[in-house]
Amino acid sequence: MPCRRSTGAGIAKAVAEALSGGPGVAVAADVHGFPPAWQLDGPPLDDGVAVLVGTSGSTGDPKGVQLTADAIGAAVTATHDRLGGPGHWVCPLPLHYVAGVMTVARSALAGTRLSVVPTDLTSLPRHPGRNYASVVAAQLHRALDDRAITADLARFDAVLVGGSAIPPALLQRGRSAGVNLVATYGMAETCGGCVYDGLPLAGVQVAIDLADRIAITSPAVFSGYRLDPAATDAALTGRTLRTNDRGRWSGGRLQVLGRVDDVVITGGVNVDLAAAQRVADAAFGPARLALLAVPDERWGVRIVALTDAAIDVAECRARLADSLQPAAVPRDLRRVAGLPRTSTGKIDRTGLLRLWAEGG
């Protein structure tokens, strides 16, 4: 039987049905969002799979992540245990990404209400009992500029923030405004966030190898990539996922440093693009100026920047020079109408490189 598909507003019902014993479902933004490699008219989903969801696609075509009902259930239980019990959920995120899927799952399995609201957070309904919301950093940054929205967020028992690296200053600003922010780390392969505020959820084990690569062992780990055994074998051993992220322990909490491939060599000097990007975010605001490495005959690669802000390369270099090593300061800058992003707010690294190659 071909895999069931669901898009847009229909995802909430389809996922809830899959978790109650109905057929597994593949989710996407629209009918054109299912990659051909998933072959949804071909073999059925693996046994026990409830949801097929894409990776973020920020570094290439999204892989099909197979999540079993048992894995999703384990993730839901661990989240509610950490937050203080089940509650009603507000979702201003696309339902076809794992963060959206998991708000559906938490509400469906707990028998509570799910409110899918506009991405600008202008509608934040609450109901009797505990209330939670799930946002990404870019949404939080905009929301904190609006006193009314900030006050509404402060009435929630917890607001999860995930989807990408979260600037510490942004978290501090929100918490100072009274919002109970919970910084989450996870990915589609772990049913979303599995580490909250640097502490693994119950049942989750995090290990870091000598190359700083993060490995996650959890009952909520995915069962494999759709029709891609090579990628599955490279990432998954039993219930242990070998991620592409680097991390370290700091004060007993996990600190995510960036992706393994964020470290580049320019002119013989190692540059950690993720660390440099955090500096840029602090200087210009989250996701306003994106750093990337592009091929260069002299340097091997050189660091450049794309921005939708009204700045030039001289101002960019001046504002970053005191905080970055010289090799990490952008040598060139182009202004664009908007930075390419995935629908979860992450910067689309593949889109950045394409935009630069096209001349901005």
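This text follows the structure it describes.
In every chain, residue numbers begin from 1 and rise along the written sequence. The predicted nature of this model means local features are confined to residues of pLDDT at least 70 and side-chain atom pairs, given and counted, to a pLDDT of 80 or more, with totals for whole chains, interfaces and linings taken over all residues. Side-chain descriptors were evaluated using all non-hydrogen atoms of the structure, hydrogens and water having been removed beforehand.

1. Considering the sheet that holds strand E10 (residues 192-196)
- Pairing between strands requires that DSSP locate at least two bridges from one strand to the other. Put simply, DSSP H or I for four residues or longer makes a helix, DSSP E for two residues or longer makes a strand, and each gets a number counted from the N terminus. As summarised here, the arrangement of the seven strands in space is E6-E5-E7-E8-E9-E10-E11, forming an open sheet in which the pairing is mixed. Edge positions in the sheet fall to strand E6 (114-116) and strand E11 (199-200), since each of these pairs with one other strand and no more.
- Here a residue-residue contact requires only that any non-hydrogen atoms of the pair lie within 4.5 Å. All axes here are fitted lines through C-alpha atoms, helices being fitted over the stretch that makes contact, and every angle between N-to-C directions spans 0 to 180 degrees. Here helix H3 (residues 98-110) sits on the sheet and contacts strand E5 (88-91), E6, strand E7 (131-136), strand E8 (158-162), strand E9 (181-187) and E10; the angle it forms with E5, its principal contact strand, is near 160°.

2. Overview of helix H8 (residues 273-284)
- What a helix is expected to span follows from its residue count: subtract one and scale by 1.5 Å. Here H8 contains twelve residues, and its C-alpha end-to-end distance of 16 Å stays within 8% of the 16 Å for a straight helix at 1.5 Å per residue.
- Only protein chains enter the area calculation, which uses a 1.4 Å probe; residues under 20% of their type maximum are buried, those over 50% are exposed, and those in between are partly exposed. Within H8, burial applies to Leu 273, Ala 274, Ala 276, Gln 277, Ala 280, Asp 281 and Phe 284. For H8, the angular spread of buried residues about the axis comes to 155°, placing them on one side.
- For H8, the N-terminal cap is Asp 272; the gap from its side-chain oxygen to the backbone nitrogen of Ala 274 is 3.0 Å.
- Positive backbone phi, at 100°, marks Gly 285, one or two positions downstream of H8. What the arc describes is the spread of directions from the helix axis to the C-beta atoms. We define a polar contact as two N or O atoms separated by no more than 3.5 Å, with the added condition that, inside protein, one atom must be a possible hydrogen donor and the other a possible acceptor, whereas residues neighbouring each other in sequence contribute only through side-chain atom pairs.

3. Some points on the pairing of strand E19 (residues 269-272)
- Both strand E18 (residues 263-266) and E19 contribute to a ladder of four bridges, which runs antiparallel. Bridged to Val 264 within E19 is Val 271.
- In sequence, E18 turns back onto E19 through a hairpin of two residues, with Gly 267 there showing a positive phi of about 60°.

4. Points about the pattern of salt bridges
- One speaks of a salt bridge when a side-chain nitrogen belonging to Lys or Arg is within 4 Å of a carboxyl oxygen belonging to Asp or Glu. Going through the model one piece at a time under the given rule, you end up with eleven salt bridges.
- Notably, a salt bridge pairs Asp 145 with Arg 173, separated by 2.6 Å at the nearest N-O pair. Of this pair, Asp 145 sits in the loop between helix H4 (137-143) and helix H5 (147-153) while Arg 173 sits in helix H6 (residues 168-176); the two residues are 28 residues apart in sequence, bridging distant segments of the chain.
- The class of Asp 145 is exposed, set by a relative accessible area of 56%.

5. Here we look at the pairing of strand E13 (residues 213-217)
- When you tally the buried positions in E13, you get four out of five residues, the bulk of the element.
- Relative to E13, strand E12 (residues 205-208) is paired through four bridges, and the arrangement is antiparallel. Bridging from a neighbouring strand, Val 206 pairs with Ile 216 of E13.
- Hairpin connection, E12 to E13: the antiparallel pair is bridged by four residues, and Asp 212 has positive phi, about 70°.

6. Describing the packing of helix H1 (residues 11-19) against H3
- Following both chains from N to C, one finds H1 and H3 inclined at 55°, their axes separated by 9 Å at the closest point. Our classification of the angle between H1 and H3 gives oblique. The crossing of H1 and H3 is right-handed. Facing Ala 12, Val 15, Ala 16 and Leu 19 of H1, the residues of H3 in contact are Val 101, Val 104, Ala 105, Ala 108 and Leu 109. Here roughly perpendicular refers to angles of 65 to 115 degrees, roughly parallel to angles under 35, roughly antiparallel to angles over 145, and oblique to all remaining angles. Crossing chirality is assigned from the near helix's rotation relative to the far helix, an anticlockwise turn below a right angle marking it left-handed and a clockwise turn marking it right-handed.

7. Overview of the packing of aromatic side chains
- Here the aromatic set is Phe, Tyr and Trp, taking the six-membered ring for Trp, and pairing holds for ring centres within 6.5 Å; pairs whose planes are under 30 degrees apart are stacked, those over 60 apart are edge-to-face, and all others are tilted. Scanning the model with the defined rule gives three aromatic pairs in all.
- Judged by centre distance (5.0 Å) and plane angle (40°), the rings of Trp 89 and Tyr 132 are tilted. With Trp 89 in strand E5 and Tyr 132 in strand E7, the pair connects residues that are 43 residues apart, well separated along the chain. Note on accessibility: Trp 89 and Tyr 132 belong to one class, buried.
- Above the plane of the ring of Trp 356 lies Arg 334, whose end atom (NZ or CZ) is 3.7 Å from the centre. Two limits define a charge over a ring: the Lys NZ or Arg CZ must be within 6 Å of the ring centre, and within 35 degrees of the ring normal.

8. Notes on the state of the cysteines
- Pairs of cysteine sulfur atoms within 2.5 Å are what we label disulfides. Enumeration according to the criterion identifies zero disulfides in this entry.
- This cysteine, Cys 91, is not joined by any disulfide, and Cys 191 carries the nearest cysteine sulfur, 15 Å off.
- Owing to a relative accessible area of 0%, Cys 91 belongs among the buried residues under this scheme.

9. Quick notes on the environment of Leu 236
- Here Leu 236 shows up in strand E15 (residues 236-237).
- For Leu 236, a relative accessible area of 13% translates into the label buried.
- For the pair Leu 236 and Phe 222, spaced 14 residues apart in sequence, the C-alpha to C-alpha distance is 8.6 Å.
- Sequence-distant contacts of Leu 236, that is, excluding residues within four places in its chain, are made with Val 221, Phe 222, Ser 223, Gly 224 and Leu 241.

10. As for unusual backbone geometry
- In this structure, Cys 191 takes a positive phi of about 55° despite not being glycine.
- With respect to the helices and strands, the residue Cys 191 is situated in the loop between E9 and E10.
- Of note in the backbone geometry, Asp 197 takes a positive phi value of approximately 50° without being a glycine.
- Assignment of secondary structure puts Asp 197 in the loop between E10 and E11.
- Since its relative accessible area comes to 28%, Asp 197 is described here as partly exposed.

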